[in-house]
Amino acid sequence: MKEITVNLHDCKHCNGSGTCKNGKDDCSCLACAKKNDLPFYRLDNSFGLLCGSCGGIGKAEPLTERMNKRMGPMLAFTLVVGLLILVSCAAFLQSSFFSELLAFSSAIIGTVSGYYFSSKEK
Ligand SMILES: [Zn+2]
Ligand SMILES: [Zn+2]
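Below is a summary of the structure that appears in this document. Not measured: the values here are computed from a predicted model.

## Points about the overall build of the protein
Part 1: Looking only at helices and strands, one finds 3 helices and 4 strands in the protein.
Part 2: Sequence-ordered secondary structure for the protein, helices as α and strands as β, is β-β-α-β-β-α-α.
Part 3: Carbon and sulfur atoms make up 63% of the accessible area of the protein, which amounts to about 9,100 Å² in all.

Put into structure tokens, the structure is as follows:
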């Protein structure tokens, strides 16, 4: 199985503490107060709220890392959907290549879904 490594860096918003102190007098900022679902009358002066950017763990994933991790499944998904559409079109138009297309796409779809489903179980 492919190892997924995560390079975490300290969250810029809370300086790695996990607690937002970006409001005035070390209060939590408005954005984080909103993320913590506080009622509007408490938005201004709340201390020690969870940092809304990192969810309170003080670490954040670099954006590129997130992109890389999402890219694979996204591509696989697009590929599968694309192939399904292609096969349905061929079936609809009663293309003479239908059986070849079907064999070709089912092989790919099988590989892709097999890969993702088996990797999820582990
Ligand atoms: Zn943070
Ligand atoms: Zn904040």
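## Re the nonpolar core
Part 1: Cys11, Cys14, Cys51, Cys54 and Ala60 together form the largest nonpolar core, which totals 5 residues.
Part 2: Once you skip the residues sitting within four places of it in the chain, cysteine 14 turns out to touch Thr19, Cys51, Cys54 and Gly58.

## Points about the coordination of the zinc ion (ligand 2)
Part 1: With distances of 2.0 to 2.3 Å, the protein atoms coordinating the zinc ion (ligand 2) are His13 (NE2), Cys20 (SG), Cys29 (SG) and Cys32 (SG).
Part 2: Around the zinc ion (ligand 2), the 4 donor atoms are arranged such that angles at the metal cover 99 to 114 degrees; this shape is classified as tetrahedral.
Part 3: Between consecutive donors of the zinc ion (ligand 2), the numbers of intervening residues give the motif H-x6-C-x8-C-x2-C. One end of the pair, histidine 13, is in the loop between strand S1 (9–10) and strand S2 (19–20); the other, cysteine 32, is in helix H1 (residues 30–35), and 19 residues separate them in sequence.
Part 4: Among the residues examined, cysteine 32 registers a relative accessible area of 2% and is labelled buried.

## A look at the coordination of the zinc ion (ligand 1)
Part 1: The zinc ion (ligand 1) binds to the protein through Cys11 (SG), Cys14 (SG), Cys51 (SG) and Cys54 (SG), with metal-donor distances spanning 2.2 to 2.3 Å.
Part 2: Around the zinc ion (ligand 1) sit 4 donor atoms, and with donor-metal-donor angles ranging over 101 to 117 degrees the site reads as tetrahedral.
Part 3: Coordination of the zinc ion (ligand 1) draws on donor residues from a single chain, spaced C-x2-C-x36-C-x2-C in sequence. There is no split in this pair, since cysteine 51 and cysteine 54 are both buried.

## Quick word on a nonpolar patch on the surface
Part 1: Taken together, the side chains of Phe77, Val81 and Ile85 define a hydrophobic patch exposed on the protein surface, amounting to about 290 Å² of accessible area.
Part 2: Relative to the helices and strands, phenylalanine 77 resides in helix H2 (residues 63–92).
Part 3: Looking at phenylalanine 77, the relative accessible area reads 59%, which means it is exposed.

## Regarding the layout of surface pockets
The gaps of empty space that remain are located by a probe, the size of a water molecule, rolled over the atoms.
Part 1: As a volume, the second largest pocket reaches approximately 160 Å³.
Part 2: Taken together, Pro73, Ala76, Phe77, Val80, Val81, Ile109, Val112, Ser113, Tyr116 and Phe117 make up the full set of residues lining the second largest pocket.
Part 3: When residues of the lining of the second largest pocket are traced back to their parent elements, those giving at least two are H2 and helix H3 (98–121).
Part 4: Taken together, the residues of the lining of the second largest pocket sort by class into 9 nonpolar, 1 polar and no charged.

## Some remarks on the side chain of serine 105
Part 1: Looking at where serine 105 falls in the secondary structure, it is placed in helix H3.
Part 2: Beyond its immediate sequence surroundings of up to four residues, serine 105 is in contact with Leu83 and Val87.

Basis of the calculations
Residues numbered from 1 in each chain as written. Chains lettered and ligands numbered in written order. Predicted model: local features only at pLDDT ≥ 70, side-chain atom pairs only at ≥ 80, totals over all residues. Heavy atoms only, no water. Helix = DSSP H or I, 4+ residues; strand = E, 2+ residues; numbered from the N terminus. Areas by Shrake-Rupley, 256 points an atom, 1.4 Å probe, with all protein chains shown as cover. Core = buried A, V, L, I, M, F, W, Y, C linked by side-chain atoms within 4.5 Å. Buried < 20%, exposed > 50% of the residue type's maximum accessible area, 1.4 Å probe, protein only. Contact = heavy atoms within 4.5 Å. Donors = N, O, S within 2.8 Å, 3.2 Å for Na, K, Ca; no water. Tetrahedral: all angles 85-135°; square planar, octahedral: opposite > 155°, others 65-115°. Patch = residues over 30% accessible without salt bridge, like charges linked within 9 Å, V, L, I, M, F, W, Y side chains within 5 Å. Salt bridge = Lys/Arg side-chain N within 4 Å of Asp/Glu carboxyl O. 1 Å grid on protein atoms, 1.4 Å probe; cavity = no way out; pocket = protein on both sides within 12 Å on 5 of 7 lines; lining within 4 Å. Points joined across faces, edges and corners; volume = space filled by probe spheres on them. Nonpolar A, V, L, I, M, F, W, Y, C, P; charged D, E, K, R; others polar.

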